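Residue-level structural notes
One letter stands for each residue in the lines below.
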Amino acid sequence: MLELNSIHARYGAITALRGVSINVSQGELVALLGLNGAGKSTTLGCIAGVLKPWQGDILFDGASIAGKSPEQIARLGISLVPEGRDIFSSLTVDENLRLGGYILKEKAEYHRNLDEIFELFPVLKERFQQPGGTLSGGEQQQLAIARALMSSPRLLMLDEPSLGLAPALVDQIFELIDRLHQRGVTILLVEQNVDRSLEIVDRAYLMNTGRIESQGTPQQLRTHADIEGIYMGVKGQSGK
Amino acid sequence: MINLEFIINTISLGSLYAMLALGLVIIYGILRLVNFAYGELIMVGGYTLYLLASFSPLPWLFIALLAVLVAMFTSLFTELVAFRPVREKSLTAMLVTSFAVSTLLQNGALLIISPRARAVVLPQIFQTSVMIAGTSVPWRNILTILTSLVMLVLLTLLLRHTVLGIALRAAADNFTMTRMLGVPANTVISAAFAISGIMAGLVSIFWISRSATVTPALGAPPLLVAFVATVIGGMRSLTGAVVGGFVYAIVISLLGVLLPPGLLEFREAFMFVFVIIILLFRPQGLISSKTSVERVG
Ligand SMILES: Nc1ncnc2c1ncn2[C@@H]1O[C@H](COP(=O)(O)OP(=O)(O)OP(=O)(O)O)[C@@H](O)[C@H]1O
Ligand SMILES: [Mg+2]
């Protein structure tokens, strides 16, 4: 479904990606793991069209999407929940979700998705008319994921959804990702929380300084030497 | 004298400046661009009024409507041919482009029409007054107030209750994220330029009803007023634009009655001192989008 072929990307003079190749099949839950600055967010940015790779190609359903605009890519069914959530803080929860469903063609689908979202995130129903900026961090994260789900995405990309959340909420978010996966949503997950991620994913990629270091199923990766570095890095940097 | 006449005049001026500031801020909010060609849209509206009122048999209301439409389409056209090609490059490129568009439009008016002022034939209603509570109030002022009220209501309805309006507000908050939801950048930006052009067209009618003449350099004073008003109110907020427009009108009117006659010609200088004082205490302007939830109207 999604295929990155040797993507290179840079910010001005800084090269952030040096030949990243990954693929995600329909219905899969795949994680992209790595230390801070490895290039995970940059990879998602390239897929979402926020950053244009200057070398390599990105295929979605076999067609190239590299260089397309973010709005074109969104219309193909790719949805990104960015690092730091980026909900519209001056817009109400209602308005945030309405824009989430911007690309939907039928009103019926909008209402169907909204009902599902109220089921997944009851708190959003309570806060429906409240400005997004007045929600708590955890509620904002739920809103960001809900907003992405409103568009009935075929590929959902989550950039560190558990970042900055209390342990109980982290559990909830991982349960939610697992549940979405069970329902058949294709997910590309970027996480610092290696343990929790490996519990739920089908496959994972390990990234380091703009390259994919290794990949495999959770069992394969757990026995792999590189994972040690990431564990240590994560433990060292975030004290987990 | 602070009497009813003064109050109505000031509200009318504030309404005019609020529309003026809104047209500038709606583009700034999304592109972070101070559109220096904004004043020239008012000039274009003014020349449309002049040409149609002098050389066509059309009724005035229709002429006014056409002036608004011409300003709107000029605004959309400048976006399409001048701003869109440089948009992805840099903000500086956009700023330089807006200077270029401003100069081109001014020179166009110089060449095609004349460097000299042209008298605009105004309808009767702009020269008559009505008695309210014993004071004579020019119709012009009443029309200005009513027009800006209608525009504020329409704009609020658009921004609160239509998907396009919600997308405009979202884009002012986080443009990239708005695009990632599938909202086309061009749709949002064109809408902003259209609204800006409509505001400029409406302002041109009432601005010219005060002087009854148009010149190629007509756009400079309203651009300055719009800019100062948005700085006072806060560049990031539409409410701020309205507040800034009114504060500007109130202060400039008060200076007009309070300053001794000898200092009246320095009214603008005093105005800038006032602006600097405001900025010393509130660098983000009176309404800052960081601390308050953005609401329009
Ligand atoms: N806007 C930017 N301008 C310049 N360099 C950037 C920018 N964004 C990221 N980089 C650089 O690109 C590299 C990859 O960054 P990226 O954000 O993709 O890392 P990441 O894996 O998501 O890290 P984290 O886990 O901290 O989120 C880093 O070296 C970073 O410094
Ligand atoms: Mg990141």
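Residues numbered from 1 in each chain as written. Chains lettered and ligands numbered in written order. Predicted model: local features only at pLDDT ≥ 70, side-chain atom pairs only at ≥ 80, totals over all residues. Heavy atoms only, no water.

**Focus on the layout of surface pockets**
Residue and element names in this part refer to chain B. Put simply, the largest pocket is a space of about 500 Å³. Around the largest pocket, the lining comprises 17 residues; the ones closest to its centre are Arg 87, Glu 88, Phe 175, Thr 176 and Arg 179. Of all the secondary-structure elements, those providing two or more residues to the lining of the largest pocket are α1 (4–31), α4 (91–112) and α7 (175–180). Per-element tally for the lining of the largest pocket: the top contributor is α7, with three residues. (1 Å grid on protein atoms, 1.4 Å probe; cavity = no way out; pocket = protein on both sides within 12 Å on 5 of 7 lines; lining within 4 Å. Points joined across faces, edges and corners; volume = space filled by probe spheres on them. Helix = DSSP H or I, 4+ residues; strand = E, 2+ residues; numbered from the N terminus.)

**Observations concerning α1(B)**
Residue and element names in this part refer to chain B. Counted at 1.5 Å a residue, the expected span for α1 with its 28 residues is 40 Å, and the 41 Å between its end C-alpha atoms agrees. When you tally the buried positions in α1, you get 23 out of 28 residues, the bulk of the element. By the N-cap criterion, in which a side-chain oxygen at the helix start approaches the backbone nitrogen of a residue two or three places on, α1 is capped by Asn 3, the distance to Glu 5 being 3.2 Å. (Expected span 1.5 Å × (residues − 1). Buried < 20%, exposed > 50% of the residue type's maximum accessible area, 1.4 Å probe, protein only. Polar contact = N/O pair within 3.5 Å; in protein donor to acceptor, adjacent residues only side chain to side chain.)

**Describing the sheet that holds strand β4 (residues 55–60) of chain A**
Residue and element names in this part refer to chain A. Pairing within the open sheet is antiparallel, and its four strands lie in the order β2-β1-β4-β5. Looking at the sheet topology across the chains shown, the edges are occupied by β2 (14–24) and β5 (63–64). Bridging between β4 and β5 involves two bridges; their strand directions are antiparallel. Bridge pairing links Phe 60 to Ala 63 in β5. In this fold helix α1 (residues 40–48) packs onto β1 (2–11), β2 and β4, with an angle of close to 110° to the strand it touches most, β1. (Pairing = 2+ DSSP bridges. Contact = heavy atoms within 4.5 Å. Axes fitted to C-alpha atoms, helices over the stretch in contact; angles between N-to-C directions.)

**Looking at the site of ligand 1**
Residues and elements named next belong to chain A. Within the structure, ligand 1 sits among 14 residues, and Asn 36, Lys 40, Ser 41, Thr 42 and Glu 83 are positioned closest to it. Interatomic distance of 2.8 Å between a backbone N/O atom of Gly 37 and an oxygen atom of ligand 1. Interatomic distance of 2.9 Å between a side-chain N/O atom of Gln 192 and an oxygen atom of ligand 1. For ligand 1, whose free accessible area comes to 630 Å², the fraction covered by protein is 63%. Of all elements in the fold, only β2 and α1 reach the threshold of two or more residues within the shell around ligand 1. Top element by residues in the shell around ligand 1 is α1. It accounts for three residues. (Near = heavy atom within 4 Å. Areas by Shrake-Rupley, 256 points an atom, 1.4 Å probe, with all protein chains shown as cover.)

**With respect to the confidence of the model for chain A**
Chain-level pLDDT for chain A is 90 on average; 93% of the residues reach the 70-or-more range. Contacts from residues 235–240 of chain A, a stretch scored under 50 in pLDDT, to residues over four places away or in other chains number four contacts. (pLDDT = per-residue confidence, 0-100.)

**What to know about the side chain of A:Arg147**
Counting through the fold element by element, A:Arg147 comes out in helix α6 (residues 137–149). Buried and without a salt bridge, A:Arg147 has A:Asp86 as its closest oppositely charged side chain, separated by 6.5 Å. A polar contact of 3.0 Å, which involves the side chain of A:Arg147, links it to the backbone oxygen of A:Asp86. Contacts of A:Arg147, omitting those with residues within four sequence positions, involve A:Arg85, A:Asp86, A:Ile87, A:Phe88, A:Asn96, A:Leu97, A:Gly100, B:Met177 and B:Leu181. (Lys, Arg positive; Asp, Glu negative; His and termini not counted. Salt bridge = Lys/Arg side-chain N within 4 Å of Asp/Glu carboxyl O.)

**Overview of the interface of chain A and chain B**
The partner chain B presents 23 residues to the 22 residues of chain A that form the contact. Summing the contributions of chain A and of chain B, the shared interface buries around 2,100 Å²; its carbon and sulfur component is 64%. When the buried surface of chain A facing chain B is broken down by residue, A:Glu71, A:Phe88 and A:Tyr102 rank first, second and third, together holding 27% of it. For the interface between chain A and chain B, the tally reads three salt bridges. In this structure, B:Arg179 engages A:Glu71 in a salt bridge whose closest nitrogen and oxygen atoms are separated by 2.7 Å. Those elements that place two or more of their residues in the side of chain A that touches chain B are α2 (70–75) and α3 (93–100) of chain A. Classifying every residue of the side of chain A that touches chain B gives twelve nonpolar, four polar and six charged. (Buried area = accessible area lost by both parts, 1.4 Å probe. Nonpolar A, V, L, I, M, F, W, Y, C, P; charged D, E, K, R; others polar.)

**Quick word on the coordination of the magnesium ion (ligand 2)**
At the metal site, the magnesium ion (ligand 2) is ligated by A:Ser41 (OG), A:Glu83 (OE) and A:Glu83 (OE), and these contacts range over 1.9 to 2.7 Å. Here A:Ser41 is found in helix α1, whereas its partner A:Glu83 is found in the loop between β6 (78–81) and α3, with 42 residues between them in sequence. (Donors = N, O, S within 2.8 Å, 3.2 Å for Na, K, Ca; no water.)

**Observations concerning the confidence of the model for chain B**
All names here are of chain B. Summarising the model, chain B shows a mean pLDDT of 92, and 97% of its residues fall at 70 or more. Low confidence marks residues 290–297, where pLDDT is under 50. Its contacts with residues over four positions away, or in another chain, come to 20 contacts. We note a pTM of 0.90 for the whole complex and an ipTM of 0.91 for its interfaces.

**Focus: the packing of helix α9 (residues 220–233) of chain B against helix α10 (residues 238–258) of chain B**
All names here are of chain B. Orientation of α9 relative to α10, taken along the N-to-C sense of each, is 115°, at an axis distance of 7 Å. One way to sum up the angle between α9 and α10 is to call them roughly perpendicular. The way α9 lies across α10 gives a crossing that is right-handed. Touching Val 225, Val 228, Ala 229, Ile 232 and Gly 233 of α9 are Gly 240, Gly 244, Gly 245, Val 247 and Tyr 248, all from α10. (Parallel < 35°, antiparallel > 145°, perpendicular 65-115°, else oblique. Left-handed = near helix turned anticlockwise from the far one by under 90°.)

**As for the sheet that holds strand β9 (residues 203–208) of chain A**
Two pairing modes exist for strands in a sheet, parallel and antiparallel, and in both the strands are linked by backbone hydrogen bonds. Residues and elements named next belong to chain A. The strand order β6-β7-β8-β3-β9-β10 describes an open sheet built from six strands, whose pairing is mixed. Edge positions in the open sheet fall to β6 and β10 (211–216), since each of these has one partner strand only. Strand-to-strand twist in this sheet, taken as the mean axis angle between neighbours without regard to direction, amounts to 20°. The strands touched by α6 within the sheet are β6 and β7 (155–159), with β6 carrying the most contacts at an inclination of about 175°.

**Points about the domain arrangement of chain A**
Residues and elements named next belong to chain A. As assigned here, chain A comprises domain 1 (22–51 + 67–77 + 154–240) and domain 2 (88–152). Once you take the C-alpha centre of each, domain 1 and domain 2 turn out to be 23 Å apart. Across the contact, 15 residues belong to domain 1 and 13 residues belong to domain 2. The contact between domain 1 and domain 2 buries some 1,100 Å² in all, and 70% of this surface belongs to carbon and sulfur atoms. A salt bridge links Arg 183 to Glu 116, with the nearest nitrogen and oxygen atoms 2.7 Å apart. Taken together, the connections running from domain 1 to domain 2 amount to two residue pairs in polar contact (both at pLDDT 80 or more). At the level of elements, α2, β7 and α7 (167–182) are the ones that each hand at least two residues to the side of domain 1 that touches domain 2. When residues of the side of domain 1 that touches domain 2 are assigned to their parent elements, the largest contribution, six residues, is made by α7. (Domains from an automatic or database assignment.)

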